Each structure stands twice: as C-alpha cells, then as structure tokens.
Amino acid sequence: MAEHEHVRVAVVGSGFGGLGAAVRLRREGVTDFVVLERADSVGGTWRDNSYPGCACDVPSHLYSFSFAPHPDWPRTFSGQEHIRAYLEHVTDVFRLRPHIRLNSEVKRMTWDGEKLRWDIETASGSLSADLVVSATGPLSDPKIPDIPGLDSFPGKVFHSARWDHDYDLRGKRVAMVGTGASAIQIVPAIQPLARNVTLFQRTPPWVMPRMDRAISGAERWLHRQLPFTGQVRRGLLWGIRELQVQAFTKRPNELGAVEQLAKRNMARAIKDPALRAKLTPDYRIGCKRILLSSTYYPALAQPNVDVVASGLSRVEGSTLVAADGTEAQVDAIVFGTGFHVTDMPIADRVVGADGRTLAEAWKGGMEALRGASAAGFPNWMSVIGSNTGLGNSSMILMIESQLNYLADFVRQLDVLGGRAALDARPAAVAAWNHRVQERMKRTVWNTGGCTSWYLDANGRNTTIWPGTTTEFRRATRRVDLAEYEVLRPSVQASAVADESAEAAV
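The structure displayed is predicted, hence computed values, not measured ones.

Each value, and the rule that gives it
Residues numbered from 1 in each chain as written. Predicted model: local features only at pLDDT ≥ 70, side-chain atom pairs only at ≥ 80, totals over all residues. Heavy atoms only, no water. Patch = residues over 30% accessible without salt bridge, like charges linked within 9 Å, V, L, I, M, F, W, Y side chains within 5 Å. Areas by Shrake-Rupley, 256 points an atom, 1.4 Å probe, with all protein chains shown as cover. Salt bridge = Lys/Arg side-chain N within 4 Å of Asp/Glu carboxyl O. Helix = DSSP H or I, 4+ residues; strand = E, 2+ residues; numbered from the N terminus. Pairing = 2+ DSSP bridges. Axes fitted to C-alpha atoms, helices over the stretch in contact; angles between N-to-C directions. Polar contact = N/O pair within 3.5 Å; in protein donor to acceptor, adjacent residues only side chain to side chain. Contact = heavy atoms within 4.5 Å. Phe/Tyr/Trp six-rings, centres within 6.5 Å; stacked < 30°, edge-to-face > 60°. Buried < 20%, exposed > 50% of the residue type's maximum accessible area, 1.4 Å probe, protein only. Lys NZ or Arg CZ within 6 Å of the ring centre and 35° of its normal. Core = buried A, V, L, I, M, F, W, Y, C linked by side-chain atoms within 4.5 Å. Disulfide = S-S within 2.5 Å. Parallel < 35°, antiparallel > 145°, perpendicular 65-115°, else oblique. Left-handed = near helix turned anticlockwise from the far one by under 90°. Nonpolar A, V, L, I, M, F, W, Y, C, P; charged D, E, K, R; others polar.

> Got a minute to help me understand a nonpolar patch on the surface in this structure?
Together, Trp221, Leu222, Leu226, Phe228, Val232 and Leu236 give the surface a local cluster of nonpolar side chains, amounting to about 590 Å² of exposed area. Those elements that place two or more of their residues in the nonpolar patch are α5 (217–225) and α6 (227–249). Relative to the assigned elements, Leu222 resides in helix α5.

This is the structure:
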C-alpha cells in the first residue's frame, strides 16, 4: 500500500458484504476504491469458520448473490468449503483482486472535518478515503466468556471460529461449550472420533430436521443451460420465507405447531426421557435462531456423549465445573460461544466528527439510519449494520438491499458536486430506530421468553430486522437527503486543497 494513498472509497472486510460492495461500486463506475482485509485471503466468516461439519443453514441457491448465480452448488445446503470457493470465484470473475489489500487490518479511522475525509491506519500502512464502507460483519470476532481458572487449564483451548486443525481430537476427552449453530454441527462431527464429548448446555436450542441432499447432475445441467430455472428456484425459496415472517413478527403464538414438529424430531432420536427433558427448551421457538440438523440429536444419544444442562462455571486444572456442580475431566475445550455482535470491536476504532468513537456513541445501543448511517460519522456506512439481521432467511438479500443504498449514496454525492459529505441527522436516526423498536415489541425475538445474542447489554434488540426482506428493500431503495446534513469543507481547507492542486500542475 502506498504511503498516504487517497481513494474515493475504502471498504473494510472481504466477506459477502465487502465483496458485494466492491462489485456494486464497479457497476456504478467507481474504480478508485480499496478493500481492506485483515487476513491473508478473502471470505470473511466463511474463511474463519472451518470447523468440522461447518455448513450453511440457508439453501444454497438463496445464499448467493443475485448478480452472481451459481448453477453448480453440490448440495441444497452448502458446506463451508463450497461457499468459500464461491467467494473466491466472485473475486476473480468481477476482477476485484487488484483492489484488495490483504493483511491490512484497520487499526483506527478518524474523520477529518476540515478535509472531509477519513484518515485510516492499517497494519500495512496509512491511507485516506472520502467514503468508508464498513463490512466487517457481526460474526467476525469470537467471544470467549471469562471463566475463572481457564488460564490454568493444561489442555487445548480454542473457539469454533479459530479451529486448531493441528490438534487431533481422536481419543480425547472434549468439552463443547455452547449450543448454538456451530456447536450442533461440531458435536456430530467429532463424536465418532473423541473418547468422550461433554456438552455444556446453558440453554437448549430448538432443532428442526435439516432437509439436505445432493443436487443431481441433471438439476445442475438444467440450471446451466436454462439460467431462468435457477432464478425460479431462488424465487420459490425466497417466497416461502417471506410468507413465514408474519409468524415471527406479528403472530408468535402461531409457532406452537412448529414446536410440535421440533419435539417429534427430538423424540425420534432421543429415547431417554431424562435426556429429552434436558434438551427441551422452555421458550417459544424462534426466540433464538431455529437450528437445522438431522445428526445433532442422534449424536447426543451416543454412549460417549454427556449433556450437562448447565453452563460452565469454572475450571480447576483439567476439571471443568458447571454451575450446577457437575464435573468433567477433559483434555480439550472448544468454545462455541458466539461473537461480539452488539459490541463489535471495529466500533472502538472509528472516531467520528466530535472526537467520540463509534463505541462511545453506541454506549446505549447500536443505532443507524436504515441500518447504514450513524449520526456524527459522515460518509461512513455499514453493511449488515444495526437491525438488519434475519431470523429465518438469507442475509444476502439484506446485503444486496444495503448495496442499493450505498449506490444511491454515491450518486447523491456526485449530484452535490465538489467535496461534500453526508452526515445522518440525529433526529432521522432516532425516528428510524423508534419505528424499528416499536415494531420489535410484539415479535417472537422480544416476547418469546429467551435471552439471545440478538439482545445487547441493555436487553434491547439491535440486531434483527422486524419485517420482510421486501420491506427492507423498499426502505433502502434510495437515500433521502432530508435525513442527512450536507457538509462542505471549510474555506481554509479548500484554499489548502487549491494550493496543492496548483503545485501539482
């Protein structure tokens, strides 16, 4: 990276959000941009999560960009290796590699109000940008709980998103801490290898069968030869999920029938009444993300798996002690304890117009206009920002809607002409978030009787979108300039810029 390089747009992150932003910028005619990636390759969460059994719980044909359809998905629910390969493919097809700066973790970005630009410090050098697109994603920084005695544990410890492939689990006594989407994939994958698996379950999940199968060669041939068939398939998958949203957002009581299906799924594999009691949730299905697996319950029924219906409380040497006093001797601890979602570390590194960090501005909870713009942080946009998450469909749909908003944001700056910046008005941010939170009150995520990672430290749901993807697409179709303050550079800064331009000539 050239020292003091200046670009029109700096994109942070090279997962679905960052690569999608890069493609959209090129389609808008913007080629003066960089993608800053902290790792040594693209892929985001699908690069980081390489644990055994890692796969997506959204159908393949819906978990891909509409502008980059993939007719050759091998399974209806793709594995991590196939999704990562798809992202590498998108990077090559859209010629993004010249724009990507690998091993360039953002250390700090500071708004310069006089020059109307972001000054960015990275692990590979410094640069500035007129506009920043933060696409770090909510599932990028693992969270390991502060467990007393963990530092003195003599065995192996790692998070599911930082899997140690050099450590052989064969014949080991393994503790799996957590019962989220990663854990229910890991347990069936390691159960046949390990001597014993002890699952520390603070809260049981609702688990539905995973209707996964290989996609036949004939289907793939059809999608290659007649692309519209792939579009029809994607449309059907999308439509079904749009129809389901009402139950999550307006009529949670209708989800009782779905709970019965989940209980029957459990009963088929778990014959022990005591174990079934441990695994039966006491909250409404959908309050936490509904998990999909046809192998989780059968794995828990195996003789070398123990379920501790309590969270991990402390570690004493090689002994793990649960909150209910249950003890387990283990050789390795795998944490499937989620990520910093409502307290994303990138927020500590973004310094806005008034000198406050984004984390300080969001001390009372994340708030962004249409999930994108935070007040006091001009020309800064997030992809998969506050209240843009989904509980039952594909996040790629939400990402593409936010890319529409990004495209119009760039167009509006072009229309304004000269050096300009857009700063979301606090009143507009507050009004948007008030509407979102009012709609959130009757959703299953707020009324279902659970504590989930959707909620922040204040118990506020700042993660999920309380509506359909169609509604969100309408809300992000264009930028309303009335919701923004237009900033111009100071006279002094303009004079300095003019002198620099003359000197260059």
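After that view of the structure, there is still more to cover.
> Please clarify how the sheet that holds strand β15 (residues 327–329) should be interpreted in this entry.
Two modes of strand pairing occur in sheets, parallel and antiparallel, and in both the strands are linked by backbone hydrogen bonds. Pairing is antiparallel across the open sheet formed by 3 strands, whose spatial order is β13-β14-β15. A strand with exactly one partner marks an edge of an open sheet, and here the two such strands are β13 (312–316) and β15. Across this sheet, the average inter-strand angle for adjacent strands is 25°, counted without regard to direction. Looking at chain direction, β13 and strand β14 (residues 319–322) are connected through 4 bridges and run antiparallel. Bridge pairing links Val315 to Leu320 in β14.

> Which parts of the structure should I look at to understand the side chain of Asn196?
For Asn196, the position within the fold is in strand β9 (residues 196–200). Here Asn304 takes part through its backbone oxygen, which lies 3.1 Å from a polar atom of the side chain of Asn196. A distance of 3.2 Å separates the side chain of Asn196 from the side chain of Asp306, its partner in a polar contact. Ignoring sequence-local partners within four residues, the contact set of Asn196 consists of Lys172, Arg173, Val174, Asn304, Val305 and Asp306.

> Would you take a moment to explain the packing of aromatic side chains for this structure?
Given two aromatic rings, their pairing is described by the distance between the two centres and the angle made by the two planes. Under the defined criterion, the tally for this structure stands at 15 aromatic pairs. Taking 4.8 Å as the distance between ring centres and 75° as the angle between the ring planes, the aromatic pair formed by Phe158 and Trp163 counts as edge-to-face. Neither Phe158 nor Trp163 differs from the other in exposure class; each is buried. On the numbers, 5.9 Å between centres and 10° between planes, the contact of Trp432 with Trp465 is stacked. With Trp432 in helix α12 (residues 426–440) and Trp465 in the loop between α13 (444–447) and α14 (469–475), the pair connects residues that are 33 residues apart, well separated along the chain. Pair check on accessibility: Trp432 and Trp465 agree, each one buried. An aromatic cluster of at least three residues, connected via ring pairs, comprises Phe16, Trp46, Tyr63, Phe65, Phe67, Trp73, Tyr86 and Phe94. Across from the ring centre of Tyr167, 5.2 Å away, lies the NZ or CZ of Lys172, which sits over that ring. Here the guanidinium or amino end of Arg439 rests over the ring plane of Trp465, the centre of that ring lying 5.7 Å away.

> Please explain the nonpolar core as it appears in this structure.
With 108 residues, the main nonpolar core has Phe16, Tyr297, Leu300 and Leu406 as its most contacted residues. Here this core gets 11 residues from one element, more than from any other, and that element is helix α11 (residues 395–416). If we skip the residues at most four places from it in the chain, Phe16 touches Trp46, Tyr63, Ser64, Phe65, Ile83, Tyr86, Leu87, Ile396 and Ile399. Ala10, Met109, Trp118 and Ala347 belong to the second largest nonpolar core, which has 26 residues in total.

> How should the state of the cysteines be read in this particular structure?
What makes a disulfide is a covalent bond joining the sulfur atoms belonging to two cysteines. In this structure the tally under the stated criterion is 1 disulfide. In this model, Cys287 is linked to Cys450 through a disulfide, with the two sulfur atoms separated by 2.0 Å. Of note, the bridge from Cys287 to Cys450 carries an S-S torsion of about -90° and is left-handed in sense. Residue Cys287 is found in the loop between α8 (273–279) and β11 (291–292), and its partner Cys450 is found in the loop between α13 and α14; the two are separated by 163 residues along the sequence. Accessibility classification places Cys287 together with Cys450 in one group, the buried group. No disulfide involves Cys54; its nearest neighbouring cysteine sulfur is the one of Cys56, lying 8.8 Å away. On the basis of relative accessibility, which here comes to 8%, the residue Cys54 falls in the buried class.

> Please clarify how the packing of helix α1 (residues 16–27) against helix α3 (residues 80–93) should be interpreted in this entry.
When two helices pack together, their arrangement is given by the angle between the helix axes and by the axis-to-axis distance. Close contact between α1 and α3 brings their axes to 11 Å; oriented N to C, the two are set at 20°. The orientation of α1 relative to α3 falls into the category roughly parallel. Relative to α3, α1 is oriented so that their crossing is left-handed. For the pair α1 and α3, contact is made by Phe16, Leu19 and Val23 and by Ile83, Tyr86, Leu87, Val90 and Thr91, respectively. Tallied by class, residues from the contact of α1 with α3 come to 7 nonpolar, 1 polar and no charged.

> Is there a simple way to think about the sheet that holds strand β8 (residues 173–177) in this case?
The 5 strands lie next to each other as β7-β16-β8-β9-β12, forming an open sheet whose pairing is parallel. Since the sheet does not close on itself, it has two edges, and those belong to β7 (156–159) and β12 (305–308), each with one partner. The sheet shows a mean angle of 15° between the axes of neighbouring strands, taken without regard to direction. Bridge count between β9 and β12: 4 bridges; the pairing is parallel. The partner of Leu199 across the bridge, within β12, is Val307.

> Help me understand the pattern of salt bridges, please; the structure alone is not making it clear to me.
Pairing of side chains with opposite charge becomes possible as their charged atoms draw close. The tally for this structure, following the rule as stated, stands at 32 salt bridges. In this structure, Glu105 engages Lys107 in a salt bridge whose closest nitrogen and oxygen atoms are separated by 3.6 Å. The exposure class assigned to Glu105 is partly exposed, which follows from its relative accessible area of 21%. Notably, a salt bridge pairs Glu259 with Arg284, separated by 3.0 Å at the nearest N-O pair. Of this pair, Glu259 sits in helix α7 (residues 256–269) while Arg284 sits in the loop between α8 and β11, and the two are 25 residues apart along the sequence. The exposure class of Glu259 is buried, given its relative accessible area of 10%. When its relative accessible area of 23% is taken as the criterion, Arg284 is described as partly exposed. Salt bridges sharing partners connect three or more residues here, namely Arg24, Glu28, Asp408 and Arg411.

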